[in-house]
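Read off the chains here:
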Amino acid sequence: SDLPSEEIDKLATSTTAHADEVSSGTWYAYVMRNDIEPFNDVRVRQAIFKLIDKPTIAEITALGHATATLTPIPPSHPAYNDSIGMASPDVEGAKALLAEAGYADGLDLVLWTPKSAVFERFAVAFRDAAKAGGVNVEVRPVPDDQFFDEIEGKQPFTTTNFFGRPTPDTMLYS
């Protein structure tokens with residue numbers, strides 16, 4: 001399970017092995033510590049959200065092997081609510097919120113991420129999207145053991161992922 005997307009593509013031409021793809025509840029997230037500047041200002045968090053183009057980031061991150069979603073309940077699950085709709089990026093709205101929060105001249109952030117191809121693509125996809133809103137992001141990949149021991153939950157801005165759970169209640173709990 002959790003085969004990297006580039007490996008799935010390699011197996012597509014193999015004569016000795018293949019990969020079966022099934023929808024899962026695994027999802028990736030950008031985590032902002034709302035008790036640390038600048039994320040203690042809700043306008044900054046809202047601005048970051050407005051810069052995220054979920055379908056494009058899903059495409060880049062998983063090389064076409066993912067579906068963008070709004071909740072931890074996957075689109076393949078009977079409890080998924082497809083009527084919610086997904087917001088489109090709103091760069092001007094993000095700039096306005098950042099200006100209100102005191103970052104009219106832009107915002108510099110460090111985004112910490114585990115050092116893997118998938119996580120690095122996820123971080124770089126956000127870095128590139130954020131530029132349009134005046135947010136400069138330095139991506140700092142670190143080895144998994146260091147990330148989970150020293151970085152996750154401690155730094156202001158990180159990436160993470162959650163794996164699927166068997167019921168909607170446990171999907172939302174984490």
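Shown above is the structure to which this text applies.
To keep things clear, this report deals only with the structure shown in the data block.

Criteria and cut-off values
Residues numbered from 1 in each chain as written. Predicted model: local features only at pLDDT ≥ 70, side-chain atom pairs only at ≥ 80, totals over all residues. Heavy atoms only, no water. Helix = DSSP H or I, 4+ residues; strand = E, 2+ residues; numbered from the N terminus. Contact = heavy atoms within 4.5 Å. Areas by Shrake-Rupley, 256 points an atom, 1.4 Å probe, with all protein chains shown as cover. Lys, Arg positive; Asp, Glu negative; His and termini not counted. Charge placed at Lys NZ, Arg CZ, Asp CG, Glu CD. Polar contact = N/O pair within 3.5 Å; in protein donor to acceptor, adjacent residues only side chain to side chain. Patch = residues over 30% accessible without salt bridge, like charges linked within 9 Å, V, L, I, M, F, W, Y side chains within 5 Å. Salt bridge = Lys/Arg side-chain N within 4 Å of Asp/Glu carboxyl O. Buried < 20%, exposed > 50% of the residue type's maximum accessible area, 1.4 Å probe, protein only. Phe/Tyr/Trp six-rings, centres within 6.5 Å; stacked < 30°, edge-to-face > 60°. Axes fitted to C-alpha atoms, helices over the stretch in contact; angles between N-to-C directions. Parallel < 35°, antiparallel > 145°, perpendicular 65-115°, else oblique. Left-handed = near helix turned anticlockwise from the far one by under 90°. Nonpolar A, V, L, I, M, F, W, Y, C, P; charged D, E, K, R; others polar. Core = buried A, V, L, I, M, F, W, Y, C linked by side-chain atoms within 4.5 Å.

**Considering the overall build of the protein**
Across its full length, the protein holds 7 helices and 4 strands. Helices and strands in the protein line up, N terminus first, as α-β-α-α-α-β-α-β-α-β-α. Seen through its C-alpha atoms, the protein measures out along the principal axes to roughly 55 × 40 × 30 Å. Sequence separation of 24 or more characterises 74% of the internal contacts of the protein that already satisfy a separation of 6 or more. A total accessible area of about 10100 Å² is found for the protein, and carbon and sulfur atoms account for 52% of it. Across the protein, the mean location of the 14 positive side-chain charges is 4 Å away from that of the 26 negative side-chain charges.

**Examining the side chain of Thr113**
Topologically, Thr113 is positioned in strand β2 (residues 107-114). Reaching out from Thr113, the side chain makes a polar contact with the side chain of Thr159 at a distance of 2.7 Å. Among residues more than four places away in sequence, those in contact with Thr113 are Phe119, Ala123, Val139, Arg140, Pro141, Val142, Phe147 and Thr159.

**Concerning a negative patch on the surface**
Negative charge collects at one region of the surface, where Asp144, Asp145, Asp149 and Glu150 lie side by side. Judged by relative accessible area, Asp149 falls into the exposed class, the value being 52%.

**Observations regarding the packing of aromatic side chains**
Counting across every chain of the model gives 8 aromatic pairs. Ring plane angle 5° and centroid distance 4.0 Å describe the contact between Tyr30 and Phe122, whose orientation is recorded as stacked. Of this pair, Tyr30 sits in strand β1 (residues 27-32) while Phe122 sits in helix α5 (residues 117-130); the two residues are 92 residues apart in sequence, bridging distant segments of the chain. The same class applies to Tyr30 as to Phe122, namely buried. Three or more aromatic residues joined by ring pairs make a cluster, and in this case those are Tyr28, Tyr30, Phe39, Phe119, Phe122, Phe126 and Phe157.

**Let's talk about the packing of helix α2 (residues 42-51) against helix α4 (residues 91-100)**
Interaxial distance between α2 and α4 falls to 8 Å at its minimum, and their mutual angle equals 165°. The orientation of α2 with respect to α4, classified from their angle, is roughly antiparallel. As α2 packs across α4, the resulting crossing turns out to be left-handed. Between α2 and α4, the residues in contact are Arg43, Val44, Gln46, Ala47, Lys50 and Leu51 and Val91, Gly93, Ala94, Leu97, Leu98 and Glu100, respectively. Its residues placed into classes, the contact of α2 with α4 shows 7 nonpolar, 2 polar and 3 charged.

**Digging into the nonpolar core**
Residues Tyr30, Phe126 and Val135 are the most contacted members of the largest nonpolar core, which totals 24 residues. Put simply, the parts of the chain that give this core at least two residues each are α2, α4, β2, α5 and β3 (135-142). With 5 residues, the single largest contributor to this core is α5. Not counting the four nearest positions on each side in its chain, Phe126 is found in contact with Tyr30, Ile48, Ile52, Ile57, Leu111, Val137 and Phe157.

**Some details on the packing of helix α3 (residues 54-62) against α5**
Following both chains from N to C, one finds α3 and α5 inclined at 145°, their axes separated by 8 Å at the closest point. Crossing angle aside, the handedness with which α3 passes α5 is right-handed. Contact with α3, carried on its side by Ile57, Ile60 and Thr61, involves Val118, Arg121, Phe122, Ala125 and Phe126 of α5 and no other residues of that element. For the contact of α3 with α5, a count of residues per class yields 6 nonpolar, 1 polar and 1 charged.

**Description of the pattern of salt bridges**
By the definition in use, this model includes 9 salt bridges. A salt bridge links Asp128 to Arg127, with the shortest nitrogen-to-oxygen separation between them at 3.0 Å. Exposure remark for Arg127: the relative accessible area of 26% places this residue in the partly exposed category. Close ionic contact of Arg140 with Glu138 constitutes a salt bridge, the shortest N to O distance being 2.8 Å.

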